[in-house]
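# Overview (structure and organization)
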Amino acid sequence: MTSAGELWVCRLGTVEYRKALALQEQIRTARQSDAVSDTMLLLEHPRVYTRGRRSGADELTLPDEFYRAQGIEIVDVNRGGKITYHGPGQLVGYPIVAVDDVVQYVRTLERALVAALHQAGVADARARPEDGPDYTGVWVRDRKIASIGVHVQRGVTTHGWAINVDNDLTPFDWVVACGLDGVRMTSLAAETGRPGPLLPSFSGLAVTSIADALDCVEREMSLAELEAATATAAPA
């Protein structure tokens, strides 16, 4: 049964992108049948570019052989948004939650991530909804620090958000990041000048901020507990 008002948080460490996607889909089915509470997976990915539904072929500016030589996988996904990069040192959150209004949900995620970054010392972090959907995410003046891309099926979300904490930003330069020509990416480490690793401490701020924004109480869950809870859910 669902524990109303809880956000189950499962910290997974480093997970290959397709494996994380399959887990999200498993949890989504369980959430649609009310077998589990709202849930958020917290993790890092090995080096990968993901291309959302609005991505164009011109966002990959170099030959495929170049990306393979860098050890970067390219995966097409059904989330909103365009191409982005994930890699070690970037904090990724996948909330699998019930929503009524996807636009308001995205705005809620933006506000929560801005609040967490303010607490971490990035005072100029802000969302830019007035600039249109291409500017979804969180920015520090003209530099982008967090990306958001979600997909909703039968009232439940998958995919989510990614914040550059202390990751290498160079792979963003090898594509048209977020589909925006000349976009500059930044990170928590770059903005604060603090040495890493910063991800362990920042992850706590991010989780609490998102749980508060969703009006939930956070509850830590192991992967084994989560998989046991989803095992009996009927397919959607």
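Above this text sits the structure in question.
Residues numbered from 1 in each chain as written. Predicted model: local features only at pLDDT ≥ 70, side-chain atom pairs only at ≥ 80, totals over all residues. Heavy atoms only, no water.

### A few points about the overall build of the chain
As a reminder of what qualifies: Counting from the N terminus, the helices are the DSSP runs of H or I reaching at least four residues and the strands are the DSSP runs of E reaching at least two. A radius of gyration in this sense is built from C-alpha atoms; the matching globule rule multiplies 2.2 Å by the number of residues raised to 0.38. Relative accessible area decides the class of each residue, using a 1.4 Å probe on protein chains only: under 20% of the type maximum gives buried, over 50% gives exposed, and in between gives partly exposed. Contacts are residue-level and defined by heavy atoms, with any inter-residue pair within 4.5 Å sufficient. Residue burial considers only the protein chains on display, and all accessible areas are found by Shrake-Rupley using a 1.4 Å probe. A positive count includes Lys and Arg, and a negative count includes Asp and Glu. His and the chain ends are not counted in either. One atom stands in for each charge, and that atom is NZ of Lys, CZ of Arg, CG of Asp or CD of Glu.
Counting its secondary structure elements, the chain contains 6 helices and 12 strands. Over its C-alpha atoms the chain spans a radius of gyration of 17 Å, differing by no more than 12% from the 18 Å that the globule rule assigns to 236 residues. In terms of overall dimensions, the chain has C-alpha extents of about 50 × 40 × 35 Å along its principal axes. Relative to its full complement of 236 residues, the chain shows a buried share of 52%. Considering only contacts within the chain whose residues lie at least 6 apart along the sequence, 79% involve residues at least 24 apart. Total accessible area on the chain stands at roughly 10,200 Å², and carbon and sulfur atoms take up 51% of it. In the chain, which carries 23 positive and 31 negative side-chain charges, the distance between the mean positions of the two groups comes to 2 Å.

### Looking at the side chain of serine 209
Tracing the chain through its elements places serine 209 in helix α5 (residues 199-213). Contacts of serine 209, omitting those with residues within four sequence positions, involve Ala112, Ala115 and Ala116.

### A few points about the sheet that holds strand β3 (residues 48-51)
Convention followed: Strands pair, by our definition, only if DSSP identifies at least two bridges between them. An axis is simply a line fitted to the C-alpha atoms; with a helix, the fit covers only the stretch in contact. Between two such axes, the angle follows the N-to-C directions and lies from 0 to 180 degrees.
Taken together, 3 strands build an open sheet; the order of strands is β4-β3-β5 and the sheet is mixed. With one partner strand each, in any of the chains shown, β4 (73-76) and β5 (84-86) form the two edges of the open sheet. Along the sheet, successive strands turn relative to each other by an average axial angle of 30°, direction set aside. Pairing between β3 and β4: 4 bridges, direction parallel. Within β4, the residue paired with tyrosine 49 across the bridge is isoleucine 74. Docked against the sheet, helix α1 (residues 17-32) engages β3, β4 and β5, running at close to 30° with respect to β4.

### Section: the nonpolar core
Worth spelling out the cut-off: Nonpolar core, defined: a set of buried Ala, Val, Leu, Ile, Met, Phe, Trp, Tyr and Cys residues in which side-chain atoms within 4.5 Å join the residues together.
With 37 residues, the main nonpolar core has Leu117, Trp161 and Phe202 as its most contacted residues. Secondary structure elements with two or more residues in this core: β1 (6-14), β2 (38-44), α3 (102-119), β8 (138-140), β9 (143-153), β10 (156-164), α4 (188-192) and α5. With 8 residues, the top contributor of residues to this core is α3. Residue contacts for leucine 117: discarding those within four places in its chain leaves Val122, Ala125, Val138, Ile145, Ile163, Leu188 and Phe202. Grouped together as the second largest cluster of nonpolar side chains are 23 residues, Trp8, Val36, Leu43 and Tyr94 included.

### Observations concerning the environment of glycine 93
Here glycine 93 shows up in strand β6 (residues 90-96). Among the residues examined, glycine 93 registers a relative accessible area of 0% and is labelled buried. Expressed as a C-alpha distance, the spacing of glycine 93 and proline 195, which sit 102 residues apart in the sequence, is 23 Å. Ignoring sequence-local partners within four residues, the contact set of glycine 93 consists of Met40, Leu41, Leu42, His159, Gly160 and Trp161.

### A word on the pattern of salt bridges
Short version of the rule: The working definition used for a salt bridge is a side-chain nitrogen of Lys or Arg within 4 Å of a carboxyl oxygen of Asp or Glu.
Inspection of the entire model under this criterion finds 14 salt bridges. With a closest N to O distance of 2.7 Å, arginine 107 and glutamate 110 form a salt bridge. Here the residue arginine 107 and the residue glutamate 110 both occupy positions in helix α3, the gap between them amounting to 3 residues, near one helical turn. One salt bridge connects arginine 141 with aspartate 124, and the closest N-O pair in it is separated by 2.1 Å. Of this pair, arginine 141 sits in the loop between β8 and β9 while aspartate 124 sits in the loop between α3 and β7 (125-126), placing them 17 residues apart in sequence. Exposure remark for aspartate 124: the relative accessible area of 41% places this residue in the partly exposed category. A network of salt bridges, in which partner residues are shared, links Asp142, Arg143, Arg184 and Glu191.

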